[in-house]
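One letter stands for each residue in the lines below.
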Amino acid sequence: MSDETRETRIEAQNPLSASQNNPEKTSHIKSLIWGGVVTLIILAFLPVPLFTTNLSFMFYMMLWLTMATSFNFVAGMAGYMPFGYVAFYGIGAYATGVLYKTFGLPIPIALAGAAAAGVAIGLLLAPTLRLKGVYFGIVSLALAMAMKLIISLMPAKITGGSLGLILSSANDPTMAYYAMFAVLLGALAAGTWLSMSRLGIALRAIRDDREAAEVVGVNVVRTRLKAWVMATMFPSLVGGVEAWYTNAIDLESSFNLLVTAKSIVYAMAGGLGFLVGPIVGASALYGIDQLIWRHFPTLNLLILGVVIIALMLLLPRGIVGAFAQRFSRFRRFIP
Amino acid sequence: MLKVDQLVKTFGGMTALAGISLTVPDRSILGVLGMNGSGKTTMLNCINGIYEATSGEISLDGVSLIGKAPHAVFTEGVGRTFQVPRIFPQMSLLENLAVALLNKGLSNAQVAEISAHWLNKVELYRLRHNYAEELSGGQQKLLELARIMVANPKLVLLDEPFAGVNPSLALLLIGIIREMPQEVGCSVMLVSHDLTSVYELSDNILVMHEGHVLAEGNAEAIQKNPDVIEAYLGA
């Protein structure tokens, strides 16, 4: 009896087995789950400005969802850990501010310029994509420090010097909110495409075993570069939109390493490598972060640190990763 | 045909390969024997581009492989397995095979068809949607072999394919390797400590010792070679 015949009999007796061994059905269920998650996100964020003028909580929730999702492109899908991820956030903020304030360009063009600046700086880092593991992380961290230094040394009439830039004339929190919404949807769309495309397969192969991937024909540097470009564009846009939302840009907050730390923690807490991982992680931890902040403002970081340590100790693969490990038969349905 | 000419590989002051020359004709199996540290795996690493040769020439069907990265060597038709299987653990068996076909310009249906053929061949078809990490060590070796065979290679480098494999899977592997030259049309370089399998499968055998070729010939000649007996067989 051939494998196919034997399998058909097993499938007829066991519906779960049938869906497990039917790629179309598995893919369909996975797509339905992911479609449901995206629909929930749209329903949760899209109408908010219609009901309230206090948009901050939801705005920053979207910001962290985007940061964690785009961080997942490199860390979860390609196996990189760019510790200096904040560099692109800061570049995006300053590019937006300088293009708007100094050069008088409209905000949408300034934001496009921010994305282009982030990608351009990311491409400058391309030769270091050959580096393995922690070495790349260190180089990216050095980039963040170097960018902060370079901007601080630029003429104050361009960057605003130590006072930074104020974009009060561009003030429009609702439009900024919807801009962040669009960036989030863009990141989710990019993640969806990555996970379904051949590029996504190549990236996951590199993540699992870089050398083995290269030995079976994957051009590791070129493949990583594509993911890297996508991963640098979104934090740059996020930095730019956040600058528009707050109307203020300064070196300390634009290049604050906590931005990288939170992106890493939120993505890891949810589960790297899964599309829903950063969504779950950022939603849960940002919510907890805000609750702690509201009730224990002076102990906020301490308590959040304890929560994160507990999470990493108890669920090292993140919330979604732990679920996938515990219920491995359902893992293939998790987007 | 693979031609290796005066291949030298040094690591600092240590010479791992001291001028190795060999030929693997089309549709043939070259067995490579040698004690640990004799340079067998280093030679495979030089052929498939993981290591850059210090000097010498390596060519496949007249095309030089020197200076080519592993992915480019794979594109030239050289597939390779490792002593400890290097599968993609968090990917399904089908996805593992799909990686090797990414640059072939095939449709999804063609990828699925070729993958199904080879998964059937290595008796892993029923597990095709399982994650590779769920396989036993022996099954991972079979998956690794299938992963290079889907790409229809001209030359297959097998590094200790029978190590840690249970007897029934070893028999399956032996059967597949035996058929490869005629059925697939590729050449095979088989590095193994399993003397019986090497003698049984190989058209020609090369014995390496401390980075040199100690002897070359068919199974019978190798077993009678006094240098080999002294240095390797020890009896």
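Residues numbered from 1 in each chain as written. Chains lettered and ligands numbered in written order. Predicted model: local features only at pLDDT ≥ 70, side-chain atom pairs only at ≥ 80, totals over all residues.

Caption draft 1: Region of the structure containing the overall build of chain B. A count of helical and extended segments in chain B gives 9 helices and 10 strands. Here the C-alpha atoms of chain B give a radius of gyration of 17 Å, agreeing with the 18 Å that 2.2 N^0.38 yields for 235 residues. Principal axes of the C-alpha set define a box for chain B whose edges measure 50 × 40 × 30 Å. Counting over 235 residues, chain B shows a buried share of 48%. Expressed as a percentage of contacts within chain B between residues at least 6 apart in sequence, the contacts between residues at least 24 apart total 64%. (Helix = DSSP H or I, 4+ residues; strand = E, 2+ residues; numbered from the N terminus. Rg over C-alpha atoms; globule rule 2.2 N^0.38 Å. Buried ≥ 20, exposed ≤ 12 C-beta atoms within 10 Å, placed from the backbone. Contact = placed C-beta atoms within 7 Å.)

Caption draft 2: Structural detail: the overall build of chain A. Scanning chain A from terminus to terminus reveals 18 helices and 2 strands. On C-alpha atoms alone, chain A measures out to a radius of gyration of 21 Å, which is about the 20 Å that the 2.2 N^0.38 rule sets for 335 residues. C-alpha extents for chain A along the principal axes are approximately 80 × 50 × 35 Å. Taking all 335 residues of chain A together, 47% fall into the buried category.

Caption draft 3: Structural view of the confidence of the model for chain A. Per-residue confidence for chain A gives a mean pLDDT of 84, with 93% of residues at or over 70. Contacts of residues 1-20 of chain A to residues separated by more than four positions or lying in other chains number 18 contacts, the stretch itself having pLDDT below 50. (pLDDT = per-residue confidence, 0-100.)

Caption draft 4: Fine view of the packing of helix H5 (residues 56-75) of chain A against helix H15 (residues 257-270) of chain A. Residues and elements named next belong to chain A. Remark: H5 packs on H15, axes separated minimally by 8 Å, with the N-to-C direction vectors making an angle of 75°. For the element pair H5 / H15, the angle class is roughly perpendicular. Residue-level contacts link Trp64, Met67, Ala68, Phe71, Asn72 and Ala75 of H5 to Lys262, Ser263, Ile264, Tyr266, Ala267 and Gly270 of H15. A per-class count over the contact of H5 with H15 returns 8 nonpolar, 3 polar and 1 charged. (Axes fitted to C-alpha atoms, helices over the stretch in contact; angles between N-to-C directions. Parallel < 35°, antiparallel > 145°, perpendicular 65-115°, else oblique. Nonpolar A, V, L, I, M, F, W, Y, C, P; charged D, E, K, R; others polar.)

Caption draft 5: Quick look at the interface of chain B and chain A. Listed per partner, the contact involves 26 residues of chain B and 25 residues of chain A. Every element with two or more residues in the side of chain B that touches chain A is listed here: helix H2 (70-75), helix H3 (93-100) and helix H5 (137-149) of chain B.

Caption draft 6: Layout of the nonpolar core. Counting 175 residues, the largest nonpolar core has Met180 and Val241 of chain A together with Val99, Ala146, Met189 and Leu190 of chain B as its most contacted members. Take this core: its biggest share by element is 13 residues, from helix H13 (residues 220-246) of chain A. Sequence-distant contacts of Ala146 of chain B, defined by excluding residues within four places in its chain, comprise Leu97, Trp118, Leu119, Lys121 and Val122 of chain B. (Core = buried A, V, L, I, M, F, W, Y, C linked by C-beta atoms within 7 Å.)

Caption draft 7: Quick look at the sheet that holds strand S3 (residues 29-34) of chain B. All names here are of chain B. The strand order S6-S7-S8-S3-S9-S10 describes an open sheet built from 6 strands, whose pairing is mixed. If you trace the sheet from one side to the other, it starts and ends with strand S6 (78-80) and strand S10 (212-217), each paired once. Each adjacent strand pair in this sheet contributes to an overall mean axis angle of 20°, direction not counted. Sheet topology note: the S6/strand S7 (residues 155-159) ladder contains 3 bridges and is parallel. (Pairing = 2+ DSSP bridges.)

Caption draft 8: Just the environment of Ser162 of chain A, in detail. Residue and element names in this part refer to chain A. Along the chain, the position of Ser162 falls in the loop between helix H9 (156-159) and strand S1 (165-166). Judged by the 10 C-beta atoms lying within 10 Å of it, Ser162 falls in the exposed class. In the structure, Ser162 is positioned 54 residues away from Pro108 in sequence and 26 Å away in space, judged by C-alpha atoms.

Caption draft 9: Here's a closer look at helix H11 (residues 198-208) of chain A. Counting buried residues in H11 of chain A gives 9 out of 11 residues, a clear majority hidden from the surface. Those residues of H11 of chain A not exposed but buried are Gly200, Ile201, Ala202, Leu203, Arg204, Ala205, Ile206, Arg207 and Asp208 of chain A. Structurally, H11 of chain A contributes buried residues whose contacts are with helix H10 (173-196), helix H12 (210-215) and H13 of chain A together with H3 of chain B.

Caption draft 10: Just the packing of H5 of chain A against H10 of chain A, in detail. Residue and element names in this part refer to chain A. Taken N-terminus to C-terminus, the directions of H5 and H10 make an angle of 25°; their axes are 9 Å apart at the nearest point. Classified by the angle their axes make, H5 and H10 are roughly parallel. As for the relative orientation of H5 and H10, their crossing is left-handed in sense. Within the contact between the two elements, H5 uses Phe59, Met62, Leu63, Leu65, Thr66, Thr69, Ser70, Asn72 and Phe73 and H10 uses Tyr177, Met180, Phe181, Val183, Leu184, Ala187, Leu188, Gly191 and Leu194. (Left-handed = near helix turned anticlockwise from the far one by under 90°.)

Caption draft 11: Main features of the confidence of the model for chain B. Looking at chain B, the pLDDT average stands at 90 and 98% of residues meet or exceed 70. For this predicted complex, the interface confidence score (ipTM) comes to 0.89, while the overall pTM stands at 0.81.

Caption draft 12: Local environment of the environment of Gln139 of chain B. Among the structural elements, Gln139 of chain B can be located in helix H5. The spacing of Gln139 of chain B and Pro70 of chain B is 69 residues in sequence and 24 Å in space, taken between C-alpha atoms.

Caption draft 13: Expanded view of the pairing of strand S1 (residues 2-11) of chain B. Residues and elements named next belong to chain B. When S1 meets strand S2 (residues 14-24), the two strands line up antiparallel, connected through 8 bridges. Its bridge partner lying in S2, Thr10 is registered against Thr15. Taking the residues between adjacent antiparallel strands as the criterion, S1 and S2 are bridged by 2 residues, where Gly12 takes a positive phi near 60°.

Caption draft 14: Region of interest: the sheet that holds strand S5 (residues 63-64) of chain B. All names here are of chain B. Ordered by their spatial adjacency, 4 strands build an open sheet running S2-S1-S4-S5, and the pairing between neighbours is antiparallel. The outermost strands of the open sheet, each flanked by one partner alone, are S2 and S5. Its contacts with the sheet put helix H1 (residues 40-47) on S1, S2 and strand S4 (55-60), and the angle it makes with S2 is roughly 70°.

Caption draft 15: Geometry of helix H7 (residues 107-124) of chain A. Look at H7 of chain A: 25 Å from first C-alpha to last across 18 residues, which is about the 26 Å you get at 1.5 Å a residue. Taken as a whole, H7 of chain A has its buried residues at Ile107, Ala110, Leu111, Gly113, Ala114, Ala115, Ala117, Gly118 and Gly122 of chain A. (Expected span 1.5 Å × (residues − 1).)

Caption draft 16: Expanded view of the pairing of strand S9 (residues 204-209) of chain B. All names here are of chain B. Judged from the 5 bridges that link them, S3 and S9 form a sheet pairing that is parallel. Bridging from a neighbouring strand, Val32 pairs with Leu206 of S9. As judged from the 5 bridges shared by S9 and S10, these two strands associate in the antiparallel manner. Counted as the bridge partner of Val207 is Ala215 from S10. In this structure, the hairpin formed by S9 and S10 is closed by a connection of 2 residues, where Glu210 is found at a positive phi of approximately 50°.

Caption draft 17: Main features of unusual backbone geometry. All names here are of chain B. You will see that Arg27, though not glycine, has its phi angle at about 50°, which is positive. Tracing the backbone shows Arg27 in the loop between S2 and S3. Judged by local crowding, Arg27 falls into the partly exposed class, with 17 C-beta atoms found within 10 Å. Residues other than glycine seldom take positive phi values, yet Asn152 does so here, at roughly 55°. Among the secondary structure elements, Asn152 is positioned in the loop between H5 and S7. Of the residues examined, Asn152 has 15 C-beta atoms within 10 Å and is grouped as partly exposed.

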